[in-house]
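Below are the chains, spelled out letter by letter.
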Amino acid sequence: MGKKGGDLTRTARVDALYNHLMKGGYVTLQWYESNLQMSYKTLGRDIDTLRDRGVPIEESANDDGAKRYSVALSARKIMVPHTIDEVTALFLGRSMFDFLEGTSLQK
């Protein structure tokens, strides 16, 4: 079992779990114990907390039969980082064609 208590508050622990799952990772008891220093019962409570928040957590089994939790790809919010120059170019590029609104060339 993991160390009782761990270093993180419950909120920080659940947020760390959420961020790991949304980045495409999966969580097993071994990952949870080694990274967050908490027990299996706490993992179950944290998974339930995420489910209560509306996160669609999928449960499957590893090759050795251990539980494995993940989030479906369709439910993940994949962030694409952009520099300020790229965001400015996207904004200006989009607004370049605003003059076509209401014309037959709009689409």
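See the structure printed just above.
Residues numbered from 1 in each chain as written. Predicted model: local features only at pLDDT ≥ 70, side-chain atom pairs only at ≥ 80, totals over all residues. Heavy atoms only, no water.

Draft legend 1. Fine view of the overall build of the protein chain. Along its length, the protein chain carries four helices and three strands. Each helix and strand of the protein chain, ordered N terminal to C terminal, gives the series α-β-α-α-β-β-α. With 107 residues in all, the protein chain has 24% of them scored as buried. In the protein chain, the proportion of contacts linking residues at least 24 apart, taken out of those at least 6 apart, comes to 57%. Roughly 8,000 Å² of accessible area belongs to the protein chain as shown, and the carbon and sulfur atoms make up 56% of that amount. (Helix = DSSP H or I, 4+ residues; strand = E, 2+ residues; numbered from the N terminus. Buried < 20%, exposed > 50% of the residue type's maximum accessible area, 1.4 Å probe, protein only. Contact = heavy atoms within 4.5 Å. Areas by Shrake-Rupley, 256 points an atom, 1.4 Å probe, with all protein chains shown as cover.)

Draft legend 2. Broad picture of the side chain of Asp46. Structurally, the position occupied by Asp46 is in helix H3 (residues 40–52). In this structure the side chain of Asp46 is engaged in a polar contact, spanning 2.7 Å, whose partner is the side chain of Arg13. In this view, Asp46 contacts Arg10, Arg13, Val14, Leu17 and Tyr32; residues no more than four positions away in its chain are not counted. (Polar contact = N/O pair within 3.5 Å; in protein donor to acceptor, adjacent residues only side chain to side chain.)

Draft legend 3. Structural view of the nonpolar core. Residues Leu17, Leu21, Val27, Tyr32, Leu50 and Ile57 are the most contacted members of the largest nonpolar core, which totals 15 residues. Among the elements of the structure, helix H1 (10–22), helix H2 (29–36), H3 and strand E3 (67–71) are those that each provide at least two residues to this core. Among the elements that line this core, the one with the most residues is H1, at four residues. Aside from chain neighbours lying at most four places away, what touches Leu50 is Val14, Leu17, Tyr18, Leu21, Val55 and Ile57. (Core = buried A, V, L, I, M, F, W, Y, C linked by side-chain atoms within 4.5 Å.)

Draft legend 4. Up close: the pairing of strand E2 (residues 57–61). Where E2 meets E3, five bridges bridge the pair, whose relative direction is antiparallel. Bridge assignment links Glu59 to a residue of E3, and that residue is Tyr69. (Pairing = 2+ DSSP bridges.)

Draft legend 5. The pattern of salt bridges, seen in detail. On inspection of all chains with the given rule, the structure shows four salt bridges. Across the pair Asp15 and Arg53 runs a salt bridge whose closest N-O atoms are separated by 3.6 Å. Of this pair, Asp15 sits in helix H1 while Arg53 is found in the loop between H3 and E2, placing the two residues 38 residues apart along the sequence. Given the relative accessible area of 33%, Asp15 is considered partly exposed. Its salt-bridge partner being Arg51, residue Glu59 comes within 3.8 Å of it at the nearest N-O pair. Here the salt bridges do not stand alone but share partners, grouping Arg51, Glu59 and Lys67 into one network. (Salt bridge = Lys/Arg side-chain N within 4 Å of Asp/Glu carboxyl O.)

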